[in-house]
Each structure stands twice: as structure tokens, then as C-alpha cells.
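# Observations on chain architecture
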Amino acid sequence: MKIRKVRVLQALLLCSSILLFPLAGYTQMNKQTDIAFANNGQRDLLLDLYMPTDSNQPKLIIWLHGGVWRAGNKSNPPILEIVNAGYALDSVDFRNSGEAIFPAQLHDIKAAIRYLRGSADKYGYDATSIAVWGHSSGGHLAALTGTTNGNIQLEGTLGDFTHISSDVQAILDYSGPSNFHSILHQSTAHGVNVRAPGMQDLLGKPVDDPTIKAMADLASPALQVNANAPPILIMHGVQDNQVPINQAIELQQAYERAGRPVETNWIVTAQHGSGEYYDATNMQRAVDFLRRAL
């Protein structure tokens, strides 16, 4: 009898997993691409919106792509299966470091949030509580977006919804840098070779240049955490040789000092771009976090 109960429970859990995260090809959604949310004077800034077909007023998740701040795009977000859990997903285009230095990226992202919140009735999602999610440099931008809620220096003036809040209510940071002053000292040689030029492109000068210390401070999520920081899930690979796990620990400790909600998941086998971040187990961790936070 006991064995039978265990088998029934295992079967129910398996069915639940299949229902929540079917193969991407079977995901039921409505997709709208290349929606212009602002113009920076040189080009339109665009976003893609994925809406579940069977969910009324779903909560909104915003995805920020990685690419060492200089590459990547909004296409094919790796968290697309989150739509199966009943969330609306938006993947945002923002200027890379070859187009403009920091804080242009935050100005673009916060303009997108304002647009999405101001357009909630038009598209049919619930924008009262928004989560921002990213991996690598996208994880850094996600963490910085949330930890700087209400920071006028990063708000910008782009778009038609400048009167609407760009605050987010939850953060998912996967493998993101958190402290520009410490990351190179913690990194492997490979990590330095990747991140040093990436940060220089983003900030306009080498990160150790004293003339940009204030900018590097502002660009470091671990230095921006305050008593109003939204709940965060930090996921990081122990084997990451591009962004050391020390960066995740610094962000965790900043949250703990501020007395803010922080959850962590150290993936023992994962490297910087490993697929484990998006397997069924870790996607379920993300859903569980979102259900608590939003």
C-alpha cells in the first residue's frame, strides 16, 4: 500500500512537470514581435511579447538578454517555457555598448517597463507586479534594474509614459556580475579577458580609472541594494569561469545586510552558459519564486 502511494505521487509529480513545461514546440501562446516602445533619436527600441492563450490577466515577466553588454538580441529567449506556467513574457531590445555607454541600457530598459505598465489594458496582462529576469550581462542588468527602483539617475526620459513607474517587484539574476570593482580580482584569466574589455566598452573607460568610479558604483547592483530592494532569486554556476560565483555571494550578502528577501541556488556542475539553468527542476524553482514574489 505504501509503495503504491509513492508510485501514485511520483506519477502526479511527473504529470505536473509535463503540464507545466511541455516541449517548446507545443507551447500555446500569442506572439507579437517588434513592438516599438520608444525612440532614442537614432532608432526605434523594440520588444517581443508572448502571451499565454489560456490565462486571464497573466503576470508579466521581462527578459534581458546577455552578450557581454555588446552583443545579443531579444530573439529566442531561453525562458520561453515560462509562458506555459501562465505568465506573459516580454523580451526587450536595448542599446548595446557599441551604440551607447552606460547608463543608456538602463534608460532603455526602464522605458520599456514604463511602456509595458502603461499599455497593460491594451495587451491584456497584469502589470501591477512585474519581474525582471536575465542571464550573464542580462542578469547584471536585471539586478541593477530592480535594485535601482526609483533612482532618477537611471530613469531617463525615453518614451511616452514618463509619468508611470518603472519599478519592478521581483528579480531573477542568473550568472550576473554584481560589483564592477571586485570582479576582475576574483576572476580567472579567462574571465578577465572577457569581462575587462566588456566593462570598458560599457563604461567608456577601464573600470579602474578613478574618473569613472562613481559610474562603476552606480553600475554595480551589490552597491545599490537598499531597504526597498525587491525580492531576488540568484542562480549561479559553481564552475563559472567568466563571472565568478563570488559576485553572486556579494549580491546575496548585500541583500542580507539590507534585510531584504533573497533566495539562492548554486548549481554545482554549471558553467557560465550551461543548460542546467533552464532544465525542468530549475524552471520550477523560478516559478515557485515568482509565485511567492509577485
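Residues numbered from 1 in each chain as written. Predicted model: local features only at pLDDT ≥ 70, side-chain atom pairs only at ≥ 80, totals over all residues. Heavy atoms only, no water.

Tallying secondary structure elements over the protein gives nine helices and eight strands in all. What you see for the protein is a C-alpha radius of gyration of 19 Å, in line with the 19 Å of a compact globule of 294 residues. Counting only residues that meet the buried cut, the protein has 52% of its 294 residues in that class. Once local pairs closer than 6 in sequence are excluded, the contacts in the protein between residues at least 24 apart make up 77%. When the accessible surface of the protein is split by element, carbon and sulfur atoms take 51% of a total near 12,900 Å². (Helix = DSSP H or I, 4+ residues; strand = E, 2+ residues; numbered from the N terminus. Rg over C-alpha atoms; globule rule 2.2 N^0.38 Å. Buried < 20%, exposed > 50% of the residue type's maximum accessible area, 1.4 Å probe, protein only. Contact = heavy atoms within 4.5 Å. Areas by Shrake-Rupley, 256 points an atom, 1.4 Å probe, with all protein chains shown as cover.)

For the protein, mean pLDDT is 91; residues scoring 70 or higher make up 91% of the total. Confidence over residues 1-26 falls short of pLDDT 50; this stretch has 16 contacts with residues more than four positions distant or in other chains. (pLDDT = per-residue confidence, 0-100.)

Structurally, the position occupied by Asn-40 is in the loop between strand E1 (29-39) and strand E2 (44-52). The buried category is assigned to Asn-40, whose relative accessible area is 15%. In this structure the side chain of Asn-40 is engaged in a polar contact, spanning 2.9 Å, whose partner is the backbone nitrogen of Arg-43. Filtering out sequence-adjacent residues up to four positions away, Asn-40 remains in contact with Leu-45, Arg-95 and Leu-158. (Polar contact = N/O pair within 3.5 Å; in protein donor to acceptor, adjacent residues only side chain to side chain.)

With that settled, consider the nonpolar core. Among the nonpolar cores identified, the biggest contains 59 residues, and Phe-37, Ile-62, Leu-64, Phe-102, Tyr-125 and Phe-180 are the most heavily contacted of them. The element that contributes the greatest number of residues to this core is helix H2 (residues 104-118), accounting for seven residues. In this structure, Phe-180 is in contact with Trp-69, His-140, Met-199, Leu-202, Leu-203, Val-207, Ala-216, Ala-219 and Ser-220, ignoring residues within four places of it in sequence. Among the nonpolar cores identified, the runner-up in size contains 26 residues, and Met-29, Tyr-50, Ile-61 and Tyr-278 belong to it. (Core = buried A, V, L, I, M, F, W, Y, C linked by side-chain atoms within 4.5 Å.)

Attention now moves to the sheet that holds strand E4 (residues 88-92). The strand order across the open sheet formed by eight strands is E1-E2-E4-E3-E5-E6-E7-E8, and the pairing between neighbours is mixed. Edge positions in the sheet fall to E1 and strand E8 (262-267), since each of these pairs with one other strand and no more. Across the sheet, the mean angle separating the axes of adjacent strands is 20 degrees when strand polarity is ignored. Note that strand E6 (residues 170-174) and strand E7 (residues 232-237) share four bridges and pair parallel. Following the sheet pairing, Leu-172 is matched in E7 by Leu-233. In this fold helix H9 (residues 280-293) packs onto strand E3 (59-64), strand E5 (126-135), E6, E7 and E8, with an angle of close to 160 degrees to the strand it touches most, E6. (Pairing = 2+ DSSP bridges. Axes fitted to C-alpha atoms, helices over the stretch in contact; angles between N-to-C directions.)

This part is about the pairing of E7. Among the six residues in E7, six count as buried, and that is most of the element. The side-chain alternation of E7 yields two buried faces, one formed by Ile-232, Ile-234 and His-236 and the other by Leu-233, Met-235 and Gly-237.

Positionally, Gln-224 belongs in the loop between helix H7 (213-218) and E7. On the accessibility criterion, Gln-224 (17% relative accessible area) is buried. Only 2.9 Å separates the side chain of Gln-224 from the backbone oxygen of Asp-217, close enough to count as a polar contact.

Mapped onto the elements of the fold, Leu-141 is located in helix H4 (residues 137-147). Residue classification places Leu-141 among the buried positions, given a relative accessible area of 2%. Between the alpha carbons of Leu-141 and Ala-196 there is a distance of 17 Å; along the sequence they are 55 residues apart. Setting aside anything within four residues of it in sequence, one finds Leu-141 in contact with Leu-64, Trp-69, Phe-94, Gln-105, Leu-106 and Ile-109.

For helix H8 (residues 245-258), built from 14 residues, the straight-helix expectation of 20 Å at 1.5 Å per residue is met to within 8% by its first-to-last C-alpha distance of 20 Å. Turning to H8, its buried residues are Ile-245, Gln-247, Ala-248, Glu-250, Leu-251, Gln-252, Ala-254 and Tyr-255. On its buried face, H8 is in contact with H4, E6, helix H5 (183-186), E7 and E8. At the exit of H8 stands Gly-259, carrying a positive phi of roughly 70 degrees. (Expected span 1.5 Å × (residues − 1).)

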